[in-house]
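Observations on the three-dimensional arrangement
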Amino acid sequence: MDNEGAEFLERQGASNRDFLALDCISATFGITTAWLGHDPSVLGDHWGYHRRTDAVDSEWPVERIGIQRRTPEEVLSEWYGLTADHLHHADSRRAEEYIRAQLSDGNPVIAWVDTFHVPHSSFHLQQHHSHRIVIHPGDGNEGEKAGSLRIVDRYQGSLFDGLMESGTLFTAMSSDALGEARRGDPDWRNRTVVVKAGPLASEQAREAVREEAHEETRQERFRSVVAGNAHFAAGADLVAACADELRAAPDAFASLSPVGTIEVSAWFGELASQRALNARFLRAAAETCALPLLHDRAADADSLSRRWEMTRNYFFLRLRKGSVAVQRIADLITETVTLEKEWNERLRESLAEPGPQYADSVSNGPDSLGPPGVAL
């Protein structure tokens, strides 16, 4: 793992202002959550796997396995009562009018862009790719007065906080390439999301919220979430079965279409991102619930995140080697899923009150999953 990646994982546990993510969806929702004064670590409040029920054309078996069981919108609604207004604007002019109105009201706006037109992206003028950024309310500096808008991008692959010419931004938002995004996606042209505090509830609803807060403290909620997630072995078996399928017929999976390559690479990348978010959530739970062992489980989740990211890199760089690469990828999946099952077991053990086990872990060093080395 390079120094940039290590720095990113260290910063995952830093302040909300430093929130970064390995996928642009989590990055944009994390930025807006922090802007509203809430802790974005809750975006990592679920883990595990499930078989997708939506119809999906897949070339590799992993595509049939879902990673995120809930959307960021659902998580933020449950934890903080936030709402998300999704709009598909008829054209870039209407999109610009809406965005400027929201910014005037102090609301950051999540927008889809084609990285081909985004100057700070490594894909600029090289490759069309759907991406999400946050358009931030500005501070009225000269650049903004001249028509530029402040862009915040805390996706690890394209970190940026600065100004973008409005013409460039709206060209990127209306690019025809956004209408031809990932398999099964809608037309992402001129789309925005604005996250806001929910509407004022009735007095009866507010009273119910107060009663619930009295009965279930923040500590209890963190404990409940961790306990509810620490039983995903059956889901992990689904992923292990995918590895077995790859291993049984490697020649059948040795060639992928360009779309299939993007989809499988994204699957590994999103999984790496989710584990990094899980690590951030577990650190928050450790502090809130006074369960020091959860810090070790967060370190385990970071290790798993790195393994999935390196598996993604291996897939992307070595698939051209054919069936040999497919077999190696299957082995890497099996190895990491085995470690995830161990993480799952340790999570359950860590929910107990700190005792001799914690004393031993302090004296002998973190009880982690070990180095995430992947032979390339």
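Residues numbered from 1 in each chain as written. Predicted model: local features only at pLDDT ≥ 70, side-chain atom pairs only at ≥ 80, totals over all residues. Heavy atoms only, no water.

1. Focus: the overall build of the protein chain
Rule in force here: Secondary structure elements are taken from DSSP: a helix is a run of H or I of four residues or more, a strand is a run of E of two residues or more, and numbering for both begins at the N terminus. Each residue's exposure class comes from its accessible area (1.4 Å probe, protein chains only) as a fraction of the maximum for that residue type: buried when under 20%, exposed when over 50%, partly exposed otherwise. We call two residues contacting when some pair of their heavy atoms lies within 4.5 Å. Values of accessible area rely on a 1.4 Å probe in the Shrake-Rupley scheme; residue burial ignores everything except the protein chains shown.
When helices and strands are counted, the protein chain shows 13 helices and eight strands. By residue count, 47% of the 376 residues in the protein chain fall in the buried class. In the protein chain, the share of contacts with a sequence separation of at least 24, taken over all contacts with a separation of at least 6, comes to 71%. By element, 50% of the accessible surface of the protein chain is carried by carbon and sulfur atoms, the whole surface being about 17400 Å².

2. Remarks on the nonpolar core
Applicable threshold: Put simply, a nonpolar core is a bunch of buried Ala, Val, Leu, Ile, Met, Phe, Trp, Tyr and Cys residues held in one set by side-chain atoms that sit within 4.5 Å of each other.
If you look at the biggest cluster of nonpolar residues, it comprises 74 residues, and the most contacted ones within it are Trp60, Val226, Trp267 and Ile333. Here the element with the most residues in this core is helix 10 (residues 258-289); it accounts for 14 residues. Those residues within four positions of Ile333 in sequence are excluded, and the remaining contacts are Val62, Val239, Ala243, Leu246, Phe268 and Trp308. One finds Leu103, Val113, Ile135 and Leu149 within the second-largest nonpolar core, a separate group that totals 18 residues.

3. Here we look at the packing of helix 8 (residues 218-229) against helix 10
What counts, and what does not: All axes here are fitted lines through C-alpha atoms, helices being fitted over the stretch that makes contact, and every angle between N-to-C directions spans 0 to 180 degrees. The scheme is simple: roughly parallel for angles under 35 degrees, roughly antiparallel for over 145, roughly perpendicular for 65 to 115, oblique for anything else. By definition, any crossing whose near helix is turned counterclockwise from its far helix by less than a right angle is left-handed, and any crossing with a clockwise turn is right-handed.
Here helix 8 crosses helix 10 at 135°, and the two axes come no closer than 9 Å. Classified by the interaxial angle, the pair formed by helix 8 and helix 10 is oblique. The two elements helix 8 and helix 10 meet at a crossing, and its hand is left-handed. Listed contacts from helix 10 to Arg218, Gln219, Phe222, Arg223, Val225 and Val226 of helix 8 are Phe281, Leu282, Ala284, Ala285, Thr288 and Cys289.

4. Some points on unusual backbone geometry
One non-glycine residue with positive phi stands out, namely Leu125, at about 60°. Unlike most non-glycine residues, Asn190 shows phi in positive territory, near 55°. Of note, Asn190 is situated in the loop between helix 6 (166-173) and strand 8 (191-197). Residue classification places Asn190 among the buried positions, given a relative accessible area of 7%.

5. Notes on the pairing of strand 6 (residues 148-153)
Using the following cut-off: Two strands are counted as paired when DSSP detects at least two bridges linking them.
For strand 6, a buried count of five out of six residues is recorded, marking the element as mostly surrounded by other parts of the structure. With three bridges connecting them, strand 5 (residues 130-136) and strand 6 associate as antiparallel partners. Paired with Val134 across the bridge in strand 6 is Val152. With six bridges connecting them, strand 6 and strand 7 (residues 160-165) associate as antiparallel partners. Looking at strand 7, one finds that Arg150 is bridged to Leu163. Hairpin remark: strand 6 followed by strand 7, antiparallel, with six residues in the connecting loop.

6. Looking at the side chain of Arg70
Worth spelling out the cut-off: What qualifies as a polar contact is a pair of N or O atoms within 3.5 Å, subject to a donor-acceptor requirement within protein and to the restriction that residues adjacent in sequence count only when both atoms come from side chains.
With respect to the helices and strands, Arg70 occurs in the loop between strand 2 (65-66) and helix 3 (72-80). Among the polar contacts listed, one links the side chain of Arg70 to the side chain of Asp45, at a separation of 2.4 Å. The contact partners of Arg70, leaving out residues within four places of it in the chain, are Asp45, His46, Val75 and Glu78.

7. Observations regarding the packing of helix 9 (residues 233-248) against helix 12 (residues 323-350)
Under the convention used in this document: For this classification, Asp, Glu, Lys and Arg are treated as charged, while Ala, Val, Leu, Ile, Met, Phe, Trp, Tyr, Cys and Pro are nonpolar and the rest, including Gly, are polar.
Running from N to C, helix 9 and helix 12 cross one another at 165°; their axes reach a closest spacing of 8 Å. In terms of orientation, helix 9 and helix 12 fall into the roughly antiparallel class. With respect to the hand of their crossing, helix 9 and helix 12 are arranged in left-handed fashion. Where helix 9 approaches helix 12, its residues Ala233, Ala236, Asp237, Val239, Ala240, Ala243, Leu246 and Arg247 are matched on the opposing element by Val326, Ala330, Asp331, Ile333, Thr334, Val337, Lys341 and Asn344. For the contact of helix 9 with helix 12, the per-class residue count stands at ten nonpolar, two polar and four charged.

8. What about the environment of Leu149?
Tracing the backbone shows Leu149 in strand 6. Under the relative-accessibility criterion, Leu149 is labelled buried at 7%. On a C-alpha basis, the gap between Leu149 and Leu169 in space is 8.3 Å, while along the polypeptide they are 20 residues apart. Residue contacts for Leu149: discarding those within four places in its chain leaves Arg100, Leu103, Ile135, Gly162, Leu163, Met164, Leu169 and Phe170.

9. A few points about the side chain of Gln102
Considering the arrangement of structural elements, one finds Gln102 in helix 4 (residues 92-104). Side chain to side chain, Gln102 and Asn107 meet in a polar contact 2.9 Å long. The residues contacting Gln102, other than those within four sequence positions of it, are Asn107, Val109, Val194 and Lys196.

10. Topic: the confidence of the model for the protein chain
Detailed reading of the predicted model is not advised wherever pLDDT is low. Condition: Confidence of the predictor at the level of single residues is given by pLDDT, which spans 0 to 100.
Of all residues in the protein chain, 81% have pLDDT values of 70 or greater, and the mean over the chain is 84. A low-confidence stretch, residues 355-367 stays under pLDDT 50, and its non-local contacts, those more than four residues away or across chains, total 13 contacts. Taken together, the stretch residues 371-376 has pLDDT below 50 and engages in twelve contacts with residues farther than four places along the chain or on a different chain.

11. A few points about the packing of aromatic side chains
For any pair of aromatic rings, the description rests on two quantities: the centre-to-centre distance and the angle between the ring planes. The following threshold applies: Stacked, edge-to-face and tilted labels apply to pairs of Phe, Tyr and Trp rings (six-membered ring for Trp) whose centres lie within 6.5 Å, assigned for plane angles under 30 degrees, over 60, and everything in between, in that order. For a ring to carry a charge above it, either NZ of a lysine or CZ of an arginine must fall within 6 Å of the ring centroid while also lying within 35 degrees of the normal to the ring plane.
Under the definition given, this model contains twelve aromatic pairs. Plain terms: the ring middles of Phe268 and Trp308 are 6.2 Å apart, the flat faces sit at 25° to each other, and that makes the pair stacked. Separated by 40 residues along the polypeptide, Phe268 in helix 10 and Trp308 in helix 11 (residues 293-318) bring together distant segments of the chain. An identical accessibility class is assigned to Phe268 and Trp308; each is buried. One aromatic cluster is present, formed by Trp60, Phe253, Trp267, Phe268, Trp308 and Phe315 through successive ring pairs. Here Arg132 stacks its cationic end above the ring of Trp188, 5.7 Å away from the centre of that ring. The aromatic ring of Trp79 is capped on one face by Arg221, whose charged end is 4.3 Å from the ring centroid.

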